[in-house]
Amino acid sequence: MEKVLFFTSYPISHIYPLAGLIGNLISNNYIVYVLSDIKNKDLIESYGANFLQYPFDFTESCYENDMNNYRMKCIEYAQQGKHKEALEEYLKFDIASVMNVNSTRKKQIKKIVESINPNIIFRDAVDHFGKIIANEMNINVIGYMTNNMYSINFLKTNPNYLCKIFMNGFEMEKYLGINYFENFIDIELNLYKKVEKELCAEHIQPLNQFNLDEEFNIIFSLDELQPKSSFFKNKEYLIIKPSNKNFRVNNEVEKDIKTFLETDKKIIYIATGSIVTRDISYYETIIDELSKIDVKLIISAGDKTSYLRNYVKKKNIEKNIMIKEFLPQIYILSKANLFITSGGFNSILESIFHRCPMLIMPIASEQRLNGYIIAKRKLGATIYGERNLKKYLLRTTKQVMNDGVIKENLKTISLNMQNENINYDKLYTYLNKKKNV
């Protein structure tokens, strides 16, 4: 039997989309192994795969001291008013942070690969080890991405605008000039070369987490969301939509949540995701602004829960606001009229499936581009930068909740998602071709 080894990422949001693909490979007589973090073990094994634990934390850079030096230089330049130099030192810090490959780690991973002797490697776009080791050991490799792919090709279609979104650069224009981001890609690529040389580091594909350029690549997304301008010539891409199982509503939720959502008022759900949360001022602004209109707010606030409960109590507005540490997101999206989210891709797909309009307030670069796509496809709106939150929140909220075009577009794509025909023929044609080489 053929053996497959997955190199995954740590967040569970990168594991959920793999269920259908792993199940399909197993049903076609492949033995599947998955390298991941121990917290994902039970989920991976529930898919029928063999779990393997990374022997180190690959989210940690091999160059912490150098990162600190870049950070300090960034601060120094900023204090001197040298904004371009400060940004470039920040970018060097960011590049060094993903350089997590050294000879020791590579040897540890190679031992695992040699013990399994896989016929093919599937690697998450954020992974470096699968790509490097597959090339060194002459193993076929397939890349995959659990977000839309926003490649250099895509950014080049309108670099000054799209790179500005990517870098959250709207506030930087007054320091950098209005055309700075026109050449941002070249600046970034040159900095990758510079950092590799300065650190004597192993070569890492620039912007690897956004550029899938293997011979064959899988994108866990929807045809309606993935910009085809991202694709590289002479490379194959297969877009796999999520399984409906991911979106099933579990009605076994706490009684107080059900009671709160039984209302004639419009419901706005606020959640920022499981990895990066917001500071207190973000939630305060949302509560202050949206309590001006006749809606119900339900907020997943994590470790901010206690503070925010006291905040709304002091303002005497707790009647129409529920705040909990964790909330059953899919259940709430099936009831909500608006989802205010950071724009993580799983949240976007859940929202589309349940036809809930989105207002995306992004944190990370891919979330900003997700917000751009959602607004462009008229599935919601996005607001860049917390400075704009108070200025535009109320107006944008009303507009998105009442936009008939958004509702119709969500309905159309949701119906397409419910058609579970996922055609893996393209993948197996490629795998069979590689068997015969």
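Refer to the preceding data block for the structure.
None of the values given here were measured: they were computed from a predicted structure.

What should I look at first to understand the overall build of the protein in this one?
The helix and strand tally for the protein stands at 19 helices and 13 strands. Over its C-alpha atoms the protein spans a radius of gyration of 23 Å, differing by no more than 12% from the 22 Å that the globule rule assigns to 437 residues. Summarising its shape, the C-alpha atoms of the protein cover approximately 65 × 60 × 40 Å along the three principal directions. By the burial criterion, 54% of the 437 residues in the protein qualify as buried. A separation threshold of at least 6 residues defines the contact pool for the protein, and within that pool the share at least 24 residues apart is 67%. With the model as given, the accessible surface of the protein reaches about 20,300 Å², and the carbon-plus-sulfur share is 46%. Seen as two clouds, the 58 positive and the 51 negative side-chain charges of the protein have centres 4 Å apart.

Explain the packing of aromatic side chains here, please?
Think of a pair of aromatic rings as described by two things: how far the centres are apart, and how the planes are tilted against each other in angle. For the coordinates displayed, the defined rule picks out 24 aromatic pairs. Between Phe 216 and Tyr 430 the ring centres are 4.9 Å apart and the planes differ by 25°, which places this aromatic pair in the stacked class. A residue pair is termed long-range when its members are at least 10 positions apart, and Phe 216 in strand β6 (residues 216-220) and Tyr 430 in helix α19 (residues 425-435) qualify at 214 residues. Like Tyr 430, Phe 216 is buried. Following the ring pairs from residue to residue traces out a cluster consisting of Tyr 150, Phe 154, Tyr 161, Phe 170, Tyr 372 and Tyr 384. If you follow Arg 278 out to its NZ or CZ, it ends over the ring of Tyr 282, 4.4 Å from the centre. Lying over the aromatic face of Phe 260, Lys 296 brings its terminal NZ or CZ to 4.4 Å of the ring centre.

How do you make sense of the sheet that holds strand β8 (residues 266-271) when you look at a structure like this?
One key point about sheets: their strands pair by backbone hydrogen bonds, in either a parallel or an antiparallel sense. Strand order in this open sheet of six strands is β10-β9-β8-β11-β12-β13, and the pairing throughout is parallel. In the strand order of this sheet, the two ends are held by β10 (321-324) and β13 (380-382), each with one partner. On average, each strand axis in the sheet is tilted by 15° relative to the strand beside it, whichever way the strands run. With three bridges connecting them, strand β11 (residues 338-341) and strand β12 (residues 358-360) associate as parallel partners. The residue of β12 that forms the bridge with Thr 341 is Ile 360.

Calculation rules
In this convention, every chain numbers its residues from 1, walking through the sequence in written order. Given that this is a predicted model, residues contribute local features only at a pLDDT of at least 70 and side-chain atom pairs are listed and counted only at 80 or more, while totals for whole chains, interfaces and linings are drawn from all residues. Excluding hydrogens and water, the side-chain values take into account all heavy atoms of the structure. Secondary structure is summarised from DSSP: a helix means a run of H or I of at least four residues, a strand means a run of E of at least two, and numbering begins at the N terminus for each. Here the radius of gyration uses the C-alpha set of atoms, whereas the globule reference equals 2.2 Å times the residue count to the power 0.38. Each residue's exposure class comes from its accessible area (1.4 Å probe, protein chains only) as a fraction of the maximum for that residue type: buried when under 20%, exposed when over 50%, partly exposed otherwise. We call two residues contacting when some pair of their heavy atoms lies within 4.5 Å. Residue burial considers only the protein chains on display, and all accessible areas are found by Shrake-Rupley using a 1.4 Å probe. Charged residues are defined narrowly, with Lys and Arg counted positive, Asp and Glu counted negative, and His plus the chain ends left uncounted. Charge coordinates come from a single atom per side chain, which is NZ of Lys, CZ of Arg, CG of Asp or CD of Glu. Only Phe, Tyr and Trp rings take part, Trp by its six-membered ring, and two of them pair if their centres are within 6.5 Å. Stacked means planes under 30 degrees apart, edge-to-face means over 60, and tilted covers everything else. As a reminder, the over-ring test applies to NZ of lysine and CZ of arginine, requiring each to be within 6 Å of the ring centre and within 35 degrees of the ring normal. Strand pairing is assigned whenever DSSP detects at least two bridges linking the two strands. Simply put, an axis is a line fit to the C-alpha atoms, just over the touching stretch for a helix, and the angle between two N-to-C directions goes from 0 to 180 degrees.

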